[in-house]
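# Coordinates in review
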Amino acid sequence: PDKISVIYNGVSIPTTDSHVRESVRARLQIPESHTVVAMIAHFWPQKKDHLTLVRAAPLVLEQHPQTTFLFLGRSTDYSHQVEKEIERLDLNRHFRILHDYPHVGALLSALHIGVLCSKSEGFSNAILEYMSVGKPVIATRTGGNPEAINDGENGTLVDPHDANQLADAINDLLDHPTKAERMGRSGLERVKSLYSWEDIVRKWEACFQTFKQAAS
């Protein structure tokens, strides 16, 4: 381990304002009173698990009926399966599914909670993007997710494939908005200190200098 250096992914920190958030919600026909829970991930069934969030949704809506769930990700055969499950559970009016969006940073500003329920994961850009706009994150305890999320500090970790646990985590943040805001602020500070592009570039430069010195 002492011979290995890890350089994480980097992320840009977007700047948005209330007008941008309002225009996104209007474009997606999301009522102003609704909380937005989003999962930004391509519909890859080998890694991602959108279905668990779909099955958690009724448990969330029992306590928080004014909630809209948003998916953004590349369309595959799996996305059709997800859409059928949404229809089976009679949740169409509570879901928005996008396969493309011109300004992801603007979209991120309109959500309240970022979710990433994965079966397996590397080091997720989506988690960094959620944190870069100051949103609390709920992610599965798999792959590199626990390296980005300090459980209880800047987000919540849940077990994969567990709709009940995921719903509990979402409801907890919706029940405690001050806690959600604190987690969002903590995530933004974590991004600024560890995952900003400026910091990542410096680490790569130092890495290349080390190689250069070793070669000489």
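So, here's what we can say about the structure.

The rules behind these values
Residues numbered from 1 in each chain as written. Predicted model: local features only at pLDDT ≥ 70, side-chain atom pairs only at ≥ 80, totals over all residues. Heavy atoms only, no water. Buried < 20%, exposed > 50% of the residue type's maximum accessible area, 1.4 Å probe, protein only. Helix = DSSP H or I, 4+ residues; strand = E, 2+ residues; numbered from the N terminus. Pairing = 2+ DSSP bridges. Axes fitted to C-alpha atoms, helices over the stretch in contact; angles between N-to-C directions. Parallel < 35°, antiparallel > 145°, perpendicular 65-115°, else oblique. Contact = heavy atoms within 4.5 Å. Nonpolar A, V, L, I, M, F, W, Y, C, P; charged D, E, K, R; others polar. Salt bridge = Lys/Arg side-chain N within 4 Å of Asp/Glu carboxyl O. Patch = residues over 30% accessible without salt bridge, like charges linked within 9 Å, V, L, I, M, F, W, Y side chains within 5 Å. Areas by Shrake-Rupley, 256 points an atom, 1.4 Å probe, with all protein chains shown as cover.

## What about the pairing of strand β6 (residues 155-158)?
The side chains of a regular strand alternate, first on one face of the sheet and then on the other. Here β6 shows no split at all, with Gly-155 and Leu-157 on one side and Thr-156 and Val-158 on the other all buried. Summarising the sheet, strand β5 (residues 137-140) and β6 pair through four bridges and their orientation is parallel. Following the sheet pairing, Val-137 is matched in β6 by Gly-155.

## Some points on the packing of helix α2 (residues 50-63) against helix α3 (residues 77-88)
Following both chains from N to C, one finds α2 and α3 inclined at 10 degrees, their axes separated by 10 Å at the closest point. By the criterion of interaxial angle, the relationship of α2 to α3 is roughly parallel. Together, His-50, Leu-51, Val-54 and Arg-55 of α2 and Tyr-78, Gln-81, Val-82, Glu-85 and Ile-86 of α3 make up the contact between the two elements. Partitioned by chemical class, the residues of the contact of α2 with α3 number five nonpolar, two polar and two charged.

## A closer look at the pattern of salt bridges
The tally for this structure, following the rule as stated, stands at eleven salt bridges. A salt bridge links Arg-25 to Glu-32; the nearest nitrogen and oxygen atoms lie 3.7 Å apart. For Arg-25, a relative accessible area of 6% puts it in the buried group. Its relative accessible area of 60% is what places Glu-32 among the exposed residues. The partner of Asp-151 in a salt bridge is Arg-141, with the nearest N and O atoms 3.8 Å apart. With Asp-151 in the loop between α6 (145-148) and β6 and Arg-141 in the loop between β5 and α6, the pair connects residues that are ten residues apart, well separated along the chain. Among the ionic contacts, a cluster of salt bridges with common partners joins Lys-47, Lys-48 and Glu-121.

## Description of a nonpolar patch on the surface
A grouping of Trp-204, Phe-208 and Phe-211 is seen on the molecular surface, where their side chains present a nonpolar patch of about 360 Å² in accessible area. Take Trp-204: it is sitting in helix α9 (residues 197-215).

## Quick look at the pairing of strand β3 (residues 95-98)
Both strand β2 (residues 67-72) and β3 contribute to a ladder of four bridges, which runs parallel. Residue pairing in the sheet places Phe-69 in a bridge with Phe-95 of β3.

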